[in-house]
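Topology and contacts: notes
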Amino acid sequence: MTVSRRMNNAGMLIAAMLLLYAGESRGYGTGPPEIACSSMRPSHYGASDPFTPSPYTITVSKQKYKAGESIDVTLKGANGEKFKGFFVQARKHNSQSVIPVGTFTEVTSVGSKNLCRQRNGDHAISHSNSNQKSEVVLRWTAPAKSAGDIVFRVTVVMAYDTFWDNQESAVVKEVNSSGAVIG
Ligand SMILES: *[C@@H]1O[C@H](CO)[C@@H](O)[C@H](O)[C@H]1NC(C)=O
């Protein structure tokens, strides 16, 4: 598992390096792989705006889930701020693991793609174009096997040199089929 993840990350890094040239002139228009799967930072380091809080909100449709259930995750500007890019992963809560958990589809139609795919099919999701977006709704589906409590980790790109990375949603707890918290 560790090996495959390393290879995944190495592959992403090479892709990011190759795309850097194109990125200089075309921006991040087609979305990550310029964003690393583990750090969730765009490759244009040093360009984020860490000194102001993110203007974007992450809302989850449920605070609890059962294995195999789906949850909608909504990203939008708290005061109507638009954004060009997004990158979302579910991660195990209270864990050092950087492996994405579960799968995503897009409910809205701003344009998205799956990435950081694991051997078991779990993956992350990002934008696929640089159009201005007011809102995106993503549907996360939990693994069929128990995955424990999770959080959604989000990077939002307002403009090429303005982004907020590793923003977290509220914790979403896993419950068993009788509704008891098991995470
Ligand atoms: C769910 O967890 C509770 C508390 O641990 C337990 O009493 C119950 O039997 C569990 N239900 C199932 C279906 O496993």
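Residues numbered from 1 in each chain as written. Predicted model: local features only at pLDDT ≥ 70, side-chain atom pairs only at ≥ 80, totals over all residues.

As annotated in an unreviewed UniProt entry, the protein chain carries the name Defense protein 3 and is attributed to Lingula anatina. As its UniProt record puts it under Sequence similarities (unreviewed entry), the protein chain is described as follows: "Belongs to the insect defense protein family." Note on the protein chain: under the UniProt heading Subcellular location (unreviewed entry), the record states "Secreted". (UniProt positions renumbered as here; feature names shortened; annotations may be inferred.)

Comments concerning the overall build of the protein chain
When you go through the protein chain residue by residue, the secondary structure sums to one helix and eleven strands. The linear arrangement of helices and strands in the protein chain, starting from the amino end, is α-β-β-β-β-β-β-β-β-β-β-β. Considering the protein chain as a whole, with its 183 residues, one finds that 32% of them fall into the buried category. At a minimum sequence separation of 6, the contacts of the protein chain that also span at least 24 residues come to 63%. (Helix = DSSP H or I, 4+ residues; strand = E, 2+ residues; numbered from the N terminus. Buried ≥ 20, exposed ≤ 12 C-beta atoms within 10 Å, placed from the backbone. Contact = placed C-beta atoms within 7 Å.)

Describing the pairing of strand β8 (residues 135–141)
Remark: a regular strand shows side chains that alternate across the two faces of the sheet. Only one face of β8 is covered, namely the one carrying Val136, Leu138 and Trp140; the face carrying Glu135, Val137, Arg139 and Thr141 has none of its residues buried. Relative to β8, strand β5 (residues 103–106) is paired through four bridges, and the arrangement is antiparallel. Considered in β8, the bridge of Phe104 is made with Trp140. (Pairing = 2+ DSSP bridges.)

Quick notes on unusual backbone geometry
Comment: phi is negative for the bulk of residues other than glycine, and the bulk of peptide bonds are trans. Unlike most non-glycine residues, Asn94 shows phi in positive territory, near 55 degrees. Checked against the element boundaries, Asn94 lands in the loop between β4 (85–92) and β5. With 11 C-beta atoms counted inside 10 Å, the residue Asn94 sits in the exposed group. A positive phi angle, near 60 degrees, is found at Cys116, a position not held by glycine.

Concerning the sheet that holds strand β3 (residues 70–77)
Strand order in the open sheet made by the four strands is β1-β3-β8-β5, with antiparallel pairing throughout. Of all strands in the sheet, those with a lone pairing partner are β1 (56–60) and β5, marking the two edges. Taken pair by pair, the neighbouring strands of this sheet meet at an average axis angle of 25 degrees, ignoring direction. With seven bridges connecting them, β3 and β8 associate as antiparallel partners. Each bridged residue has a counterpart across the sheet, and for Val73 the counterpart in β8 is Leu138. (Axes fitted to C-alpha atoms, helices over the stretch in contact; angles between N-to-C directions.)

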